[in-house]
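Survey of secondary and tertiary structure
Each chain, written out:
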Amino acid sequence: MSDEAQVPGQAVEGDLPAAIIKRPDGIFFAREASPRSCLSAVSQVFLSSSYFAGLDYAILIKLLYNCGPDLPANLANQPMIRFAASIEPFHPTRRTLYKAVKLINGEAEYFFEPVFFEIPDMPAQPARLNFDEFVSDMWVKGVRFGIDAPAVRDVISYGRVARIVVARRLAAAPGRDATIEEVSQDIHRSDAPREKKDGKLDLQAFQNRFPQVKANVRLLRKVPRVMGARGYELSGIVLEPPVPRDLELSDMAGEGTVIENSRDGEFLVSAVEGFLSIDAATKRLSIGPKIISREGVSARTTGNLQLTGEYEEFGDVQEQRVVDGGNITIHGDVFGNISSRGGTITLSRNLMGGTTTNQEGDILVRGVASGAVLQTRKGEVHLTRAESCIISGSKVYIEEASNCEILAEEVHIKVAEGCAIGARKIEIQSAGPRRQHEMLLYTLVPDLSKFNKKIMELQPRVQQTAHEARIRRNEIEALSGQAEVRTYLSLATRVRKREVVLTPDQEQLFHKMAANVGPSLRAISKLSLLLKAAEVQHEQVQEEVNLIERQKLTIMRGSHCKVEQLTGDVLLRTMSFAPDGNPPYDRPAKDLKAKVRTTVPGMQVVFSGSHGPLDWTPPLEPDA
């Protein structure tokens, strides 16, 4: 018996809404119909216990809410747009196959499981869900937007048992305020103290003085505001984005500047050649007489520098001075602080007692680094010689290091003396103590407690599902082992294969036997479904355990410590770190120094001695 033939139904009665056109070749929306009228028409069909068979859900959502990909080219200019094959009645018996949907935080969750028709005095008959009916049922239950059609079709077509998110809210996409973009370098130079974000003045930094600009140079560009995009709740309610703010570039145009509108946008352009200044009160830019200065970075000349682009300095950076920018090159000695948002920090000479930090880039010091801090969050540190420095980064390369504290993902050093070094991978050619400083090494080993805890949490489920499957299997075997059932099944198999031909009297006895064992057969059928569900759940939970085990093995690989030559006592310990947290080396310099110079509980001594070489890799199963 097919699904369509199992229950009676009644076709849709009455005239269709004006927005919907029904033809022998399909169901269409009229091109002139508004989205509101289309939405009302679709709702009328669904609420009248009907559904659209052969529904193209993507076209439906595009026409109702203008969401998703554009219409196919062959539909773009048609007088009618086909979105379904027909309108069919949604019979109450079929509707009972669809269960309640769970709505949480803008998501609709649905549990797909085997469904059956309940027919009086007959065994429950297996049935199949239908995507088109599912859309209609969800609409009636308040889910009128955002159904994940591919995922739902996949679950229904394969008859999988699964709890999935079948629909999601579409959040409104915020727009972008109009902004001013600097298109010329060094336009903020002034002898006035720089204004901080809180409105206070920084007396250690100038507004940055003496920029040179030529005539007809674009200084500022207005980035127009961008309107946001609508979102929709699952119910179809519109979520409007906030209106972005606008501004006028002409408010910043002072003497010597003009507004230029071109194909590339709206620009503030220098009308004459000269010196650019900014009025702190009005924020207007004006251009006056030409001024040039070639002095270094100090409190007397430039003060602290905060730059928006690349920076190259041929003089020295004095103590307590700050250079903040990106892709910074210093040809003189550095006694102050260098901070970069990215690119490469290159120091051609020495770094003496200062700090060098890079958010997303490398640090290169060709001279000597002494009593300094060098840290990069996402990059490499390359040093020729380092003395009493604190160093961190994803990878650290040093020719000679003494009395340094180093924490990184990888450390490669030719000669290390009196250092405390922690990394997942350590490679040193020669290592030993220096005066009163020990030579300490720490191999970073991932903390697998979260993985082990998750496995322990899953094991009861593995055992429970396996136990449930065994119970169902034993119950099936017990019922199948009954003499009358076994005899009937054997005879039915032979009759089906036409190995035995029954006489009319025998056929009556055969049907009587079938009626007697009917309850047992129906029980076996139900138990078979329960067994299949238990086996599927067991496989899913076991695969989750296997996945965690594979993740553990992957994370464990990569820790290694190798020292080719020992010139004195060297101590190697393990240091635990959280693999799913921030990098262990991403911490303030003070904390980093304490981390590698202090012994804490849980650290294991792997090696202690003065004879090498040292080559150690942690076991892949540390808990074994």
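Keep in mind that what you see is a predicted model, and the values were worked out from it rather than measured.

1. With respect to the overall build of the protein
- Helices and strands together make up the secondary structure of the protein, namely nine helices and 40 strands.
- Residues classed as buried in the protein amount to 40% of the 624 residues present.
- Taking the contacts inside the protein whose residues are at least 6 apart along the sequence as the reference set, 53% of them involve residues at least 24 apart.
- Summed over all atoms, the accessible surface of the protein reaches about 34,100 Å², with 50% contributed by carbon and sulfur.

2. A word on the environment of Arg153
- Tracing the backbone shows Arg153 in helix 5 (residues 149-158).
- Using a relative accessible area of 36% as the deciding quantity, one classes Arg153 as partly exposed.
- In sequence terms Arg153 and Asp132 are 21 residues apart; their C-alpha atoms lie 9.5 Å from each other.
- Setting aside anything within four residues of it in sequence, one finds Arg153 in contact with Leu55 and Phe131.

3. Quick look at helix 4 (residues 131-140)
- Counting buried residues in helix 4 gives nine out of ten residues, a clear majority hidden from the surface.
- Listed in full, the buried residues belonging to helix 4 are Phe131, Asp132, Glu133, Phe134, Val135, Ser136, Asp137, Met138 and Trp139.
- One side-chain oxygen of the residue at the start of helix 4 lies 2.8 Å from the amide nitrogen of Asp132, identifying that residue as Asn130.
- Immediately downstream of helix 4, the backbone of Gly142 shows phi near 100°, a positive value.

4. Description of the packing of helix 1 (residues 35-47) against helix 4
- Orientation of helix 1 relative to helix 4, taken along the N-to-C sense of each, is 100°, at an axis distance of 9 Å. It follows that helix 1 is roughly perpendicular to helix 4 by the angle criterion. In this structure, helix 1 uses Leu39, Val42, Ser43, Phe46 and Leu47 to contact helix 4, whose residues at the interface are Val135, Ser136, Trp139 and Val140.
- Classifying every residue of the contact of helix 1 with helix 4 gives seven nonpolar, two polar and no charged.

5. A few points about the nonpolar core
- If you look at the biggest cluster of nonpolar residues, it comprises 57 residues, and the most contacted ones within it are Phe29, Phe52, Tyr57, Phe83, Phe112, Ile147 and Val166.
- Excluding residues within four positions of it along the chain, Phe52 makes contact with Ile20, Ile27, Val42, Val45, Phe46, Phe83, Ala84, Ser86, Ile87 and Asp132.
- The next biggest cluster of nonpolar side chains, apart from the first, holds 44 residues, and it includes Ala372, Leu374, Met439 and Phe607.

6. A closer look at the pairing of strand 18 (residues 257-262)
- Pairing of strand 18 with strand 19 (residues 265-270) involves six bridges; the strand directions are antiparallel. Across the sheet, residue Asn261 finds its bridge partner in strand 19, namely Glu266.
- Between strand 18 and strand 19, which follow one another and run antiparallel, lie two residues.

7. Quick look at the side chain of Ser402
- When you line up the elements, Ser402 lands in strand 33 (residues 390-402).
- Taking relative accessible area as the criterion, Ser402 reaches 12% and is therefore assigned buried.
- The contacts of Ser402, once residues within four sequence positions are left out, are Ala386, Glu387, Ser388, Glu417, Cys419 and Arg434.

8. Examining the environment of Phe83
- Position of Phe83 relative to the elements: it lies in strand 4 (residues 80-84).
- With 29 residues separating them along the chain, Phe83 and Gly54 place their C-alpha atoms 8.1 Å apart.
- Aside from chain neighbours lying at most four places away, what touches Phe83 is Ile27, Phe28, Phe29, Phe52, Gly54, Leu55, Asp56, Ile59 and Leu60.

9. Here we look at the pairing of strand 31 (residues 373-376)
- Taking every second residue as pointing to the same face, both faces of strand 31 are buried, with Val373 and Gln375 on one and Leu374 and Thr376 on the other.
- Bridge count for strand 31 against strand 33 is three bridges, and the pairing is parallel. Counted as the bridge partner of Val373 is Ile390 from strand 33.

10. Description of the sheet that holds strand 4
- What the three strands build is an open sheet, ordered 1-2-4; its pairing is antiparallel. At either margin of the open sheet sits one strand with a lone partner, and together these are strand 1 (20-23) and strand 4. Each neighbouring strand pair of the sheet contributes to a mean axis angle of 35°, computed without reference to strand direction.
- As paired elements, strand 1 and strand 2 (residues 26-30) share four bridges and run antiparallel to each other. Residue pairing for strand 2: Ile21 is matched across the bridge by Phe28.
- Of the strands in this sheet, strand 2 and strand 4 are in contact with helix 2 (residues 57-65), which crosses strand 4 at around 130°.

11. Section: the environment of Met575
- When you line up the elements, Met575 lands in strand 38 (residues 570-577).
- Considered as a pair, Met575 and Leu444 are 131 residues apart in the sequence and their alpha carbons are 4.8 Å apart.

12. Quick look at the confidence of the model for the protein
- Model confidence for the protein is summarised by a mean pLDDT of 84, while 88% of its residues fall at 70 or above.
- Segment residues 1-14: pLDDT under 50, and 20 contacts once partners within four positions in sequence are set aside and those in other chains are kept.

13. Describing the sheet that holds strand 11 (residues 179-182)
- Read across the open sheet, the four strands follow the order 11-15-19-18; overall the sheet is antiparallel. At either margin of the open sheet sits one strand with a lone partner, and together these are strand 11 and strand 18. Neighbour-to-neighbour, the strand axes of the sheet open up by a mean angle of 30°, direction not taken into account.
- Bridging between strand 15 (residues 218-223) and strand 19 involves four bridges; their strand directions are antiparallel. Within strand 19, the position partnered with Arg221 by the bridge is Phe267.

14. Section: helix 1
- With 13 residues, helix 1 extends 18 Å from end C-alpha to end C-alpha; this agrees with the ideal 18 Å at 1.5 Å per step.
- Residues of helix 1 that are buried include every one of Cys38, Ala41, Val42, Ser43, Val45 and Phe46, and no others.
- Positive backbone phi, at 60°, marks Ser49, one or two positions downstream of helix 1.

15. Here we look at unusual backbone geometry
- Unusually for a residue other than glycine, Asn105 sits at a positive phi of about 50°.
- Structurally, the position occupied by Asn105 is in the loop between strand 6 (102-104) and strand 7 (107-112).

16. With respect to the pattern of salt bridges
- Taken as a whole and assessed by the stated rule, the structure comprises 26 salt bridges.
- The salt bridge involving Arg163 is made with Glu109; its shortest N-O contact spans 3.8 Å. You can see Arg163 sitting in strand 10 (residues 162-168) and its partner Glu109 sitting in strand 7, a full 54 residues away along the chain.
- For Glu109, a relative accessible area of 26% puts it in the partly exposed group.
- Where Arg218 meets Glu260, a salt bridge forms, and the shortest distance between an N and an O atom there is 3.0 Å. Placement of the pair is Arg218 in strand 15 and Glu260 in strand 18, with a sequence separation of 42 residues.
- The exposure class of Arg218 is partly exposed, given its relative accessible area of 29%.

17. Re the packing of aromatic side chains
- In total, this model carries 14 aromatic pairs according to the counting rule given.
- With 5.3 Å between their ring centres and 50° between their planes, Phe46 and Trp139 make a pair best called tilted. Taken together, the residues Phe46 in helix 1 and Trp139 in helix 4 connect sequence positions 93 residues apart.
- Given the relative accessible area of 1%, Phe46 is considered buried.

What counts as what
- Residues numbered from 1 in each chain as written.
- Predicted model: local features only at pLDDT ≥ 70, side-chain atom pairs only at ≥ 80, totals over all residues.
- Heavy atoms only, no water.
- Helix = DSSP H or I, 4+ residues; strand = E, 2+ residues; numbered from the N terminus.
- Buried < 20%, exposed > 50% of the residue type's maximum accessible area, 1.4 Å probe, protein only.
- Contact = heavy atoms within 4.5 Å.
- Areas by Shrake-Rupley, 256 points an atom, 1.4 Å probe, with all protein chains shown as cover.
- Polar contact = N/O pair within 3.5 Å; in protein donor to acceptor, adjacent residues only side chain to side chain.
- Axes fitted to C-alpha atoms, helices over the stretch in contact; angles between N-to-C directions.
- Parallel < 35°, antiparallel > 145°, perpendicular 65-115°, else oblique.
- Nonpolar A, V, L, I, M, F, W, Y, C, P; charged D, E, K, R; others polar.
- Core = buried A, V, L, I, M, F, W, Y, C linked by side-chain atoms within 4.5 Å.
- Pairing = 2+ DSSP bridges.
- pLDDT = per-residue confidence, 0-100.
- Expected span 1.5 Å × (residues − 1).
- Salt bridge = Lys/Arg side-chain N within 4 Å of Asp/Glu carboxyl O.
- Phe/Tyr/Trp six-rings, centres within 6.5 Å; stacked < 30°, edge-to-face > 60°.

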